[in-house]
Amino acid sequence: MKSAIRQAQKPQAAQRSRRAAKAKDQPALPQELVDRAKALGLDVSAVTKAALEAAILKAERTADRARFLAENDAAIDQCNAIVEKYGVFGDDVRLF
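In every chain, residue numbers begin from 1 and rise along the written sequence. pLDDT decides what is reported in this predicted model: residues at 70 or higher carry local features, side-chain atom pairs at 80 or more are listed and counted, and totals for whole chains, interfaces and linings draw on all residues regardless. Processing note: side-chain calculations cover all non-hydrogen atoms of the structure and skip hydrogens and water entirely.

Caption draft 1: Up close: the overall build of the protein. Within the protein one finds four helices and zero strands. Secondary structure elements follow DSSP: runs of H or I no shorter than four residues count as helices, runs of E no shorter than two count as strands, and numbering proceeds from the N terminus. Its helices and strands in sequence order give the protein the pattern α-α-α-α, from N to C terminus. The buried label applies to any residue whose accessible area, calculated with a 1.4 Å probe on protein chains only, is under 20% of its type's maximum; exposed applies above 50%, and partly exposed to all values in between. The buried share among the 96 residues of the protein stands at 4%. Taken as a whole, the protein presents about 9,100 Å² of accessible surface, with 59% of it coming from carbon and sulfur. Here the Shrake-Rupley method, with its probe set to 1.4 Å, supplies the accessible areas, and only the displayed protein chains count as covering residues.

The following block contains the structure:
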């Protein structure tokens, strides 16, 4: 009988730990903002998710740009030196 009780308690313990982990990951939002959003009919979860996705995308693009510039710094310097020395194609015929 004891083993049946222990087996019944295991899923409950796992469920509690999942809830605790989920609650730990959820951001704490000021209640005033949540109330204002709900009053306007906004889905707080959807807005939060969209904002987080946008912030992650921006951070990834910034990191990608920095990595690209670091990896290609020598090539960019060479290209700029060539343009400085010879100019760019069509410099002699353009009107602006």
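Caption draft 2: Geometry of helix α3 (residues 44-71). Under the convention used throughout, the expected extent of a helix is 1.5 Å for every residue step, that is, one less than its residue count. Taking 1.5 Å of rise per residue, the 28 residues of α3 would be expected to cover 40 Å, and the 40 Å separating its terminal C-alpha atoms lies within 8% of that figure. In protein, a polar contact means a hydrogen-donor-capable atom and an acceptor-capable atom, both N or O and within 3.5 Å, with residues adjacent in sequence counting only if both atoms are side-chain atoms; elsewhere, any N or O pair within 3.5 Å suffices. A distance of 3.2 Å separates the backbone nitrogen of S45 from a side-chain oxygen at the start of α3, and that oxygen is part of D43.

Caption draft 3: Representation of the pattern of salt bridges. Should a side-chain nitrogen of Lys or Arg be within 4 Å of a carboxyl oxygen of Asp or Glu, the pair is scored as a salt bridge. For the structure on display, the rule yields four salt bridges. The partner of K49 in a salt bridge is E53, and the shortest N-O contact between them spans 3.9 Å. With a gap of four residues between them, K49 and E53 both fall in helix α3, about one helical turn apart. In this structure K49 comes out as exposed when scored by relative accessible area, which is 52%. With a closest N to O distance of 3.9 Å, R67 and E71 form a salt bridge. With a gap of four residues between them, R67 and E71 both fall in helix α3, about one helical turn apart. For E71, a relative accessible area of 59% gives the class exposed. When salt bridges with common partners are traced through the structure, they connect D64, R67 and E71 into a single cluster.

Caption draft 4: Main features of the layout of surface pockets. Method remark: on a 1 Å grid restricted to protein atoms, a set of points is classed as a cavity if a 1.4 Å probe fits but cannot get out and as a pocket if it is open with protein on both sides within 12 Å along at least five of seven lines; lining residues have an atom within 4 Å of a point. Grid points are joined across faces, edges and corners, and a volume is the space filled by probe spheres set on the points. Taken as a whole, the largest pocket holds about 200 Å³ of empty space. Broken down by secondary-structure element, the contributors of at least two residues to the lining of the largest pocket are α2 (31-39) and α3. If you tally residues by element for the lining of the largest pocket, the top one is α2, at four residues. Ten residues, namely Ala, Val, Leu, Ile, Met, Phe, Trp, Tyr, Cys and Pro, are considered nonpolar, four, namely Asp, Glu, Lys and Arg, are considered charged, and the remaining ones, Gly among them, are considered polar. Here the residues of the lining of the largest pocket sort into eight nonpolar, one polar and two charged.

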